[in-house]
Amino acid sequence: MKECYSKNQHDPMGQQYPVNQIIPFSCVDGPGNRTAVFLQGCNIDCRYCHNPETRKLCVNCGACVAKCPVHALYIEDGKVKFLPEKCVRCDTCIHVCSHDASPRIRYMSAREVFSEVQKYAVYISGVTVSGGECTLYPDFLEEFFTLCKEAGLNTLLDSNGMISYASLPDVMAVTDGVMLDIKAFDSAEHKRVTGFDNTQVLQNAAYLADTGKLAEIRTVMVPGLNDGEAIIQEIAAYLKPHMDIASLRYKLIAFRQNGVREQYRHYPQPDADYMENMRQCALRAGFREIIVI
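Residues numbered from 1 in each chain as written. Predicted model: local features only at pLDDT ≥ 70, side-chain atom pairs only at ≥ 80, totals over all residues. Heavy atoms only, no water.

## Here's the deal with helix α5 (residues 187-194)
For an α-helix the count is 3.6 residues per turn, leaving residues at separations of three or four pointing the same way.
1) Next: Buried within α5 are the following residues: Glu 189, His 190, Val 193 and Thr 194. What you see down the axis of α5 is that its buried residues fit within an arc of 110 degrees, all on one side. Exposed side of α5, more than 90 degrees from the buried face: Ala 188 and Lys 191 are the residues found there.
2) Next: Elements in contact with the buried residues of α5: α6 (199-211) and α7 (228-243).
3) Next: The residue sitting at the N-terminus of α5 and contributing the capping side-chain oxygen is Asp 186; that oxygen lies 3.1 Å from the backbone nitrogen of Ala 188.
4) Next: At the exit of α5 stands Gly 195, carrying a positive phi of roughly 95 degrees. (Buried < 20%, exposed > 50% of the residue type's maximum accessible area, 1.4 Å probe, protein only. Helix = DSSP H or I, 4+ residues; strand = E, 2+ residues; numbered from the N terminus. Arc of directions from axis to C-beta. Contact = heavy atoms within 4.5 Å. Polar contact = N/O pair within 3.5 Å; in protein donor to acceptor, adjacent residues only side chain to side chain.)

## Concerning the packing of α7 against helix α8 (residues 272-285)
1) Next: Where α7 contacts α8, the axes come no closer than 9 Å and their chain directions differ by 25 degrees. Judged by the angle between their axes, α7 and α8 are roughly parallel. For the element pair α7 and α8, the recorded crossing hand is right-handed. Across the interface between the two elements, Gly 228, Glu 229, Ile 232, Gln 233, Ala 236 and Met 243 of α7 pack against Tyr 274, Met 278, Cys 281, Ala 282, Arg 284 and Ala 285 of α8. (Axes fitted to C-alpha atoms, helices over the stretch in contact; angles between N-to-C directions. Parallel < 35°, antiparallel > 145°, perpendicular 65-115°, else oblique. Left-handed = near helix turned anticlockwise from the far one by under 90°.)

## Here's the deal with a negative patch on the surface
1) Next: Taken together, Asp 186, Asp 227, Glu 229 and Glu 234 make up a surface patch of like negative charges.
2) Next: Inspection of the secondary structure assignment puts Glu 234 in helix α7. (Patch = residues over 30% accessible without salt bridge, like charges linked within 9 Å, V, L, I, M, F, W, Y side chains within 5 Å. Areas by Shrake-Rupley, 256 points an atom, 1.4 Å probe, with all protein chains shown as cover. Salt bridge = Lys/Arg side-chain N within 4 Å of Asp/Glu carboxyl O. Lys, Arg positive; Asp, Glu negative; His and termini not counted. Charge placed at Lys NZ, Arg CZ, Asp CG, Glu CD.)

## As for the pattern of salt bridges
1) Next: Under the defined criterion, the tally for this structure stands at 16 salt bridges.
2) Next: The salt bridge partner of Arg 111 is Glu 143, with a shortest N-O separation of 3.7 Å. With Arg 111 in helix α2 (residues 110-118) and Glu 143 in helix α3 (residues 138-150), this pair connects stretches of sequence that are 32 residues apart.
3) Next: Taking the shortest distance from any N to any O, the salt bridge between Arg 218 and Glu 216 comes out at 2.5 Å. Judged on exposure class, the residue Arg 218 and its partner Glu 216 are both buried.
4) Next: A cluster of three or more residues bridged by salt bridges with shared partners is formed by Asp 158, Glu 216, Arg 218, Arg 249, Lys 251 and Glu 289.

## Side note on the sheet that holds strand β7 (residues 154-159)
1) Next: The sheet built from nine strands is open, its strands ordered β5-β1-β2-β6-β7-β8-β9-β10-β11 with mixed pairing. Two strands in the sheet have a free side with no partner beyond their single neighbour: β5 (106-108) and β11 (289-292). On average, each strand axis in the sheet is inclined to that of its neighbour by 30 degrees, with strand direction left out of account.
2) Next: Pairing between β7 and strand β8 (residues 177-181): four bridges, direction parallel. Across the sheet, Leu 157 pairs through a bridge with Val 178, a residue of β8.
3) Next: Each of β9 (214-221) and β10 (249-254) is contacted by α7, which is oriented at about 160 degrees to β9, the strand it contacts most. (Pairing = 2+ DSSP bridges.)

## Here we look at the pairing of β9
1) Next: In terms of burial, β9 is largely enclosed, as eight of its eight residues are buried.
2) Next: Looking at chain direction, β8 and β9 are connected through four bridges and run parallel. Note on β9: the bridge partner recorded for Leu 180 is Ile 217.
3) Next: One ladder, built from five bridges, connects β9 with β10; its direction is parallel. Residue Ile 217 lies in a different strand from β10, and its bridge partner there is Tyr 250.

## Topic: a nonpolar patch on the surface
1) Next: A cluster of nonpolar side chains, contributed by Phe 25, Val 122 and Tyr 123, occupies part of the molecular surface with about 370 Å² of accessible area.
2) Next: Along the chain, Phe 25 turns up in strand β1 (residues 17-26).
3) Next: By relative accessible area, which is 42% here, Phe 25 ends up partly exposed.

## Structural notes on the nonpolar core
1) Next: Counting residues in hydrophobic clusters, the biggest one holds 74 residues, and the most contacted among them are Val 129, Phe 140, Phe 144, Ile 232, Ile 235, Leu 239 and Phe 287.
2) Next: The contacts of Ile 235, once residues within four sequence positions are left out, are Ile 182, Phe 185, Ile 217, Thr 219, Tyr 250 and Phe 287. (Core = buried A, V, L, I, M, F, W, Y, C linked by side-chain atoms within 4.5 Å.)

## Regarding the packing of aromatic side chains
1) Next: Under the definition given, this model contains nine aromatic pairs.
2) Next: Between Phe 185 and Tyr 238, the ring centres sit 5.7 Å apart and the planes meet at 65 degrees, which makes this aromatic pair edge-to-face. Here Tyr 238 lies in helix α7 and Phe 185 lies in the loop between β8 and α5, a separation of 53 residues in the sequence.
3) Next: Taking the centre distance of 4.8 Å and the plane angle of 65 degrees together, the rings of Tyr 250 and Phe 287 count as edge-to-face. Taken together, the positions of Tyr 250 in strand β10 and Phe 287 in the loop between α8 and β11 put the pair 37 residues apart, joining distant regions of the chain.
4) Next: Note on Tyr 250: relative accessible area 0%, which makes it buried.
5) Next: Among the residues examined, Phe 287 registers a relative accessible area of 1% and is labelled buried.
6) Next: Among the aromatic residues, those joined into a ring-pair cluster are Tyr 17, Tyr 137, Phe 140, Phe 144 and Phe 145. (Phe/Tyr/Trp six-rings, centres within 6.5 Å; stacked < 30°, edge-to-face > 60°.)

So yeah, pure geometry; function would need other evidence.
As structure tokens, then:
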């Protein structure tokens, strides 16, 4: 998707990228108090996606413009424009969109995003870039993280692992760690959950562990869709050589129906007993640092 965004020759700040939102202070997007940047666009199709409106780019059909109750959207030169100062985040535009997109994005350069982050720099320990899928925009990541590192901020990616990190050495050089989603270990199960196999994801898991940049493994537990216990056991076996050397943090995330597309809301939310069983399974498998949310 990166090729969709060419350099704006009239913008001294540089190439523009689709930013879905910037959360000034987050305690769930990595350790400590962080600023989280969410980029628009994804390269897989998770059935349980909790923010499916970040998956694709606006096609400028205009269906959302007339429905916006506060007139925060308008059309100019055939494109839907967004006025963030008017938006009340009622999500009407998200609900009426039939393209898994959002008109509530800003096209910003890496330097413009960093200027936003600088406002909070004295209150945070680092930044996390998520999505969508952030690695679709490696040029942004390299420039933005370089600026963050120069400012003394820790840098993390929250990624689905579907793009080779080994092919992005300049990005990885300024990335302190990756919070890697492993949605399934079995390739057929991963394809059923996301539409794609997971060969690249597992290669990335080994690469990150080898380089000391596997900050966290994440798996969403969805009873009836993925086999949580099998995933945990197979990931542990796959990464055992690394677990024998250093502790790997594993975050087990309970599926929740809020935000999920209607056709996938029939999956049950796992209860506390189910998640405790998954935590015990992770302990037995050799993980020592386990977070359940």
